[in-house]
Amino acid sequence: MGRGWWVLAAVIGCAGCDDGDDAGGAGGAGGSGGADASAGGAGGAGGGGGIVPDANGCHYVVAPGADVQERLQTVLIDAQPSQVVCLDAGTFSFTTELSISVDDLTLRGAGRDATILDFSGQTVGANGLAITGDGVIIDGLQVKDSKGDAIRAQAVDGVVFRNLRVLWSTPEASTNGAYGLYPVGCSQVLIENCIVSGASDAGIYVGQSHQILVKDSEAFGNVAGIEIENSSDAEVVGNHAHDNTGGILVFNLPELPVKNGARTLVHDNLIENNNLPNFGKAGSVVSQVPGGSGAFLIAADNNEFRDNIIRGNQSAGLILISYIPELLGSFEDPDFNRYAENNDFHDNEYSDNGTMPQGVITDLGIMMGPDILTDGCWPAGMPTGGNCIREAAGTRLDNLDFCNGFANRGADLTPFDCAQDPLPGQSF
Amino acid sequence: MTLRWILTRLLVLTLPLAACDDGGTATEQGAERPHFNLADLPLPKLSDYGFFVGRMADEQPAAGVVPYTVIAPLWADHAGKGRFILLPEGTAADTTEPDQWALPVGSIVIKSFSDSGDLRDPEGSRRLIETRLLIHTANGWTGHTYLWDDAQTEAVRHVPGRQLERTFLDEAGVEQTRPYIVPNTNQCKNCHEIDDTVRTLGLSTRQMSAEQQEKLMAAGVLATAAPAVEPLVAPFGDGPLDRRARSYLDANCSHCHRPGGGGGTSGLTLLATETHPAAFGICKSPVAAGPGAGDRHHDINPGHPEASIMIYRMSSTDPEIKMPEIPNLLVDEAGVALLTAWIAGMTPAGCDRDEANP
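Residues numbered from 1 in each chain as written. Chains lettered and ligands numbered in written order. Predicted model: local features only at pLDDT ≥ 70, side-chain atom pairs only at ≥ 80, totals over all residues. Heavy atoms only, no water.

### A word on the overall build of chain B
Step number 1: Assigned secondary structure in chain B consists of six helices and twelve strands.
Step number 2: In chain B, buried positions account for 55% of the 358 residues.
Step number 3: Partitioning the intrachain contacts of chain B with sequence separation of at least 6 by distance along the chain shows that 53% fall at a separation of at least 24.
Step number 4: Summed over its atoms, the accessible surface of chain B is roughly 15,100 Å², and 54% of this surface lies on carbon and sulfur atoms. (Helix = DSSP H or I, 4+ residues; strand = E, 2+ residues; numbered from the N terminus. Buried < 20%, exposed > 50% of the residue type's maximum accessible area, 1.4 Å probe, protein only. Contact = heavy atoms within 4.5 Å. Areas by Shrake-Rupley, 256 points an atom, 1.4 Å probe, with all protein chains shown as cover.)

Here you go:
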């Protein structure tokens with residue numbers, strides 16, 4: 001047969017190939033619009049690349065209503081890096097975790113009490129929003145009643161949570177999700193102007209991260225209001241932590257990949273009335289925090305607490321301890337430094353703290369809690385562990401000398417009269 | 001013999017070649033390699049790829065599409081699995097890195113999920129639910145899934161995920177339903193993204209028995225057997241209990257529970273190659289399990305499965321508590337029993353504990 005037969009065959013048509021499709025496939029890179037009818041309803045969806053943002057800077061606008069789980073998730077997958085997905089005002093109901101993996105994507109609502117992402121019907125997923133893209137911005141919306149953590153950012157470089165509300169509707173329920181805002185293993189974390197309540201572990205939590213700024217936010221009704229854990233180079237400023245079990249926590253815990261966090265600057269916060277009985281589930285370190293704790297540091301180093309108002313916390317204003325295995329759990333971690341060292345506490349205002357101690361504080365026989373409570377456990381050769389306290393006259397200290405069996409328990413502040421280098425703020 | 005007769009016979013023989021992109025190798029009709037442009041992927045329908053010949057739901061592989069099995073399969077809510085590899089013609093997998101065989105750009109790994117419509121005749125009533133692809137593009141691996149229709153004639157690409165209710169007849173012939181999750185395209189990465197890179201999971205030397213490797217060599221997927229490593233053992237076979245339990249955990253959990261995986265920040269590493277007991281959970285305190293700790297204090301309390309967080313989380317269907325987090329809705333009862341027996345048999349028993357929990 002000559003070549004002509006092949007040409008004739010090609011001209012006649014394609015009976016042996018894909019029925020009805022043009023040769024070469026119709027999908028196209030990144031496009032999903034042609035594949036799934038349920039992806040409709042999102043303005044401008046289908047391929048992403050050529051979309052011009054509208055007058056509000058939105059590449060996509062998604063309204064609440066039927067099939068919003070599939071509509072919004074499709075948009076979040078189709079969007080291109082740096083695009084903006086806008087949500088109308090209203091309540092959006094989800095049954096499954098939403099995931100964002102596109103870098104530099106912005107998800108923007110109409111306001112923290114106007115655009116409500118309601119996860120009360122959630123059956124799948126440990127988070128409300130799960131973020132794995134770098135540089136994602138979540139702005140102006142509410143996440144409500146997620147089954148697990150409300151917004152998790154996992155191992156990302158750059159994340160912004162701004163103008164958000166996270167809440168659980170039932171106060172003090174141990175079945176509430178553990179964390180409100182939960183960046184873990186991240187860098188350049190910015191949390192600003194957010195309001196978080198109801199978390200059964202920590203409302204605003206940053207873990208195993210570095211370069212962190214938590215500012216102008218409010219945390220109440222959580223076990224831990226704001227918690228910085230195993231993280232470094234953080235600034236916590238201008239926040240209102242009130243009516244939590246513990247207001248602001250800075251912890252170093254063992255047996256984690258990133259350990260021995262340092263250099264958190266906590267300043268100009270209002271830490272008051274954190275007297276909520278602990279409603280966390282037993283088995284976590286935070287479930288050991290006694291209600292009435294204003295600020296709480298465990299095994300943390302080189303932090304600075306200054307210019308905070310610490311008042312009305314009924315166990316103690318500020319608690320500084322080493323990692324005590326009997327209280328917090330045994331561990332095997334030769335690289336973990338269990339002592340709290342070289343922290344600097346100065347120019348804070350204390351009032352009305354310790355008036356009705358709770359939990360382990362009363363177990364210690366403390367009837368009237370101090371402004372500052374410390375276990376007094378220091379490494380050998382470091383008389384106060386390098387910790388410095390320069391507060392106003394009349395600030396009440398209780399140094400338990402716990403590791404020496406309370407032998408030299410006392411209230412003397414003079415050994416703590418020292419200073420560490422001030423810490424810088426964070427900007428990025 | 002009419003011209004029409006001649007032409008129809010010629011059409012059958014020649015048109016698949018003339019209309020396709022790579023002028024693919026046709027040895028005989030029905031045994032042709034799949035043909036498509038990598039740049040056009042993903043395609044809208046599973047049939048667009050040409051992975052299978054004959055009735056697509058029978059999963060009879062076309063030339064170059066090589067079936068394989070793994071030693072320790074992933075729990076997926078009772079779903080059966082079909083696994084296939086398609087490499088670009090003339091290429092083979094590089095087995096230098098035992099944890100992840102390197103496949104060239106243009107490779108596609110195929111995994112289908114099926115269940116039975118009638119448990120009185122499970123094999124005869126098998127129906128496909130979804131077929132997932134991992135495609136090795138020039139920009140790395142990307143995951144996609146295709147949902148099968150009830151008529152079992154076609155599977156269509158589906159991006160946003162879906163929760164299905166699968167209707168079936170139980171052993172007594174009574175209609176039941178059970179849930180099944182189809183992941184969205186992002187959720188492929190929940191398991192398949194490690195160290196910010198999407199990758200295959202089951203194509204590791206420890207998951208491939210010597211017999212399986214010989215079959216892959218015969219099919220041209222491997223040039224030689226992979227350098228030997230200690231293989232996993234079938235979790236429900238008759239190997240030693242400790243090895244079976246570690247194999248189960250490796251296959252079901254270690255994609256997240258390893259450094260760089262989604263659960264890496266927990267410090268719990270469930271790779272079978274992890275030798276440090278505290279790292280694979282012995283007397284390890286939880287970090288951020290929240291309610292997932294269930295009032296228990298250690299991931300594994302030797303001798304005490306009832307005090308072990310691992311058992312608690314794997315036995316739960318609560319979205320916040322359950323492990324694994326996403327890919328299943330049903331508890332793997334056999335897996336829980338395996339790990340319960342493993343923990344119960346550990347000595348010496350107990351972890352040091354504080355006064356609050358004896």
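### Overview of helix 3 (residues 210-218) of chain B
Residue and element names in this part refer to chain B.
Step number 1: Of the residues making up helix 3, those classed as buried are Gln-212, Gln-213 and Leu-216. What you see down the axis of helix 3 is that its buried residues fit within an arc of 100°, all on one side. Across helix 3 from its buried face, at more than 90 degrees, point the exposed residues Ala-210, Glu-211, Glu-214, Lys-215 and Ala-218.
Step number 2: Contact partners of the buried residues in helix 3: strand 3 (65-67). (Arc of directions from axis to C-beta.)

### Concerning the domain arrangement of chain B
Residues and elements named next belong to chain B.
Step number 1: We note that the domain assignment places domain 1 (3-218) and domain 2 (241-344) within chain B.
Step number 2: Placing a centre on the C-alpha atoms of domain 1 and another on those of domain 2 gives a separation of 30 Å.
Step number 3: The partner domain 2 presents 19 residues to the 21 residues of domain 1 that form the contact.
Step number 4: A buried area of about 1,800 Å², summed over both sides, lies between domain 1 and domain 2, and 61% of it is on carbon and sulfur atoms.
Step number 5: Per-residue buried area on domain 1 facing domain 2 is highest for Trp-75, Ile-181 and Arg-206; these three make up 31% of the total on that side.
Step number 6: Taken together, domain 1 and domain 2 are joined by two salt bridges.
Step number 7: Along the contact surface separating domain 1 from domain 2 lie seven residue pairs in polar contact (both at pLDDT 80 or more).
Step number 8: Of all the secondary-structure elements, those providing two or more residues to the side of domain 1 that touches domain 2 are strand 10 (175-182), helix 2 (188-192) and strand 11 (193-194).
Step number 9: Sorting elements by how many residues they give to the side of domain 1 that touches domain 2 places strand 10 first, with four residues.
Step number 10: Partitioned by chemical class, the residues of the side of domain 1 that touches domain 2 number ten nonpolar, four polar and seven charged. (Domains from an automatic or database assignment. Buried area = accessible area lost by both parts, 1.4 Å probe. Salt bridge = Lys/Arg side-chain N within 4 Å of Asp/Glu carboxyl O. Polar contact = N/O pair within 3.5 Å; in protein donor to acceptor, adjacent residues only side chain to side chain. Nonpolar A, V, L, I, M, F, W, Y, C, P; charged D, E, K, R; others polar.)

### Examining the sheet that holds strand 23 (residues 264-267) of chain A
All names here are of chain A.
Step number 1: Judged by pairing direction, the sheet is parallel, and its twelve strands sit side by side in the order 1-2-5-8-11-14-17-20-23-26-29-32 without closing on themselves. Among the strands making up the open sheet, the edge pair consists of strand 1 (60-62) and strand 32 (388-390). Taken over all neighbouring pairs, the strand axes of this sheet differ in orientation by 10° on average, direction set aside.
Step number 2: Here three bridges tie strand 29 (residues 344-346) to strand 32, and the two strands are oriented parallel to one another. What sits directly across from Phe-345, in strand 32, is Ile-389.
Step number 3: Against the sheet, helix 2 (residues 68-78) contacts strand 1, strand 2 (84-87) and strand 5 (106-108), and its axis sits at roughly 165° relative to strand 1. (Pairing = 2+ DSSP bridges. Axes fitted to C-alpha atoms, helices over the stretch in contact; angles between N-to-C directions.)

### A few points about the pattern of salt bridges
Residue and element names in this part refer to chain B.
Step number 1: Enumeration over the complete set of coordinates arrives at 28 salt bridges over all chains.
Step number 2: Two residues, Asp-99 and Arg-206, come together in a salt bridge whose shortest N-O distance is 2.9 Å. Of the two residues, Asp-99 sits in the loop between strand 4 (80-86) and strand 5 (108-116) while Arg-206 sits in the loop between strand 12 (197-198) and helix 3, which places them 107 residues apart along the sequence. Of the two residues, Asp-99 and Arg-206, both sit in the buried class.

### Remarks on the confidence of the model for chain A
Step number 1: In the predicted model, chain A carries a mean pLDDT of 88, and the fraction of residues at 70 or more is 89%.
Step number 2: Across residues 1-47 of chain A, where pLDDT falls below 50, the model places 71 contacts with residues more than four positions away in sequence or in other chains. (pLDDT = per-residue confidence, 0-100.)

### A few points about the environment of Gln-154 of chain A
Step number 1: Here Gln-154 of chain A is to be found in strand 10 (residues 149-154).
Step number 2: For Gln-154 of chain A, a relative accessible area of 13% gives the class buried.
Step number 3: In sequence terms Gln-154 of chain A and Gly-90 of chain A are 64 residues apart; their C-alpha atoms lie 28 Å from each other.
Step number 4: Leave out the neighbours within four places in its chain, and Gln-154 of chain A touches Ile-131, Thr-132, Val-184 and Cys-186 of chain A together with Gly-261, Gly-262 and Thr-265 of chain B.
Step number 5: In this structure the side chain of Gln-154 of chain A is engaged in a polar contact, spanning 2.9 Å, whose partner is the backbone oxygen of Gly-262 of chain B.

### Let's talk about the pairing of strand 4 (residues 96-100) of chain A
Residue and element names in this part refer to chain A.
Step number 1: Counting buried positions over the five residues of strand 4 gives five, a clear majority of the element.
Step number 2: Pairing between strand 4 and strand 7 (residues 124-131): four bridges, direction parallel. Across the sheet, residue Thr-96 finds its bridge partner in strand 7, namely Val-124.

### Considerations on the side chain of Asp-401 of chain A
All names here are of chain A.
Step number 1: Positionally, Asp-401 belongs in the segment after strand 33 (397-399).
Step number 2: Lacking a salt bridge, the buried Asp-401 has Arg-409 as its closest oppositely charged neighbour, with an N-O distance of 9.5 Å.
Step number 3: When sequence neighbours within four positions are dropped, the list of residues in contact with Asp-401 reads Asp-375, Gly-376, Phe-406, Ala-407, Asn-408 and Arg-409. (Lys, Arg positive; Asp, Glu negative; His and termini not counted.)

### Here we look at the sheet that holds strand 4 of chain A
Residue and element names in this part refer to chain A.
Step number 1: Here eleven strands make up an open sheet; going across it, the order is 4-7-10-13-16-19-22-25-28-31-33 and the pairing parallel. Every other strand in the sheet has two partners, leaving strand 4 and strand 33 as the edge strands with one partner each. Taking the axes of each pair of neighbouring strands and ignoring which way they run, one obtains an average angle of 15° across the sheet.

### Topic: the pairing of strand 8 (residues 136-139) of chain A
Residues and elements named next belong to chain A.
Step number 1: Pairing of strand 5 with strand 8 involves three bridges; the strand directions are parallel. Paired with Thr-106 across the strands is Ile-137, a residue of strand 8.
Step number 2: As defined by bridge partners, strand 8 adjoins strand 11 (residues 157-162) across four bridges and the pair is classed as parallel. The partner of Asp-139 across the bridge, within strand 11, is Arg-162.

### Looking at helix 4 (residues 241-253) of chain B
All names here are of chain B.
Step number 1: Helix length check: helix 4 (13 residues) gives 18 Å between terminal C-alpha atoms against 18 Å at 1.5 Å per residue, within 8%.
Step number 2: The element helix 4 is extensively covered by neighbouring structure, given that eleven of its 13 residues are classed as buried.
Step number 3: Buried within helix 4 we find Arg-243, Arg-244, Ala-245, Arg-246, Ser-247, Tyr-248, Leu-249, Asp-250, Ala-251, Asn-252 and Cys-253.
Step number 4: Here the buried face of helix 4 lies against helix 5 (309-314) and helix 6 (333-344). (Expected span 1.5 Å × (residues − 1).)

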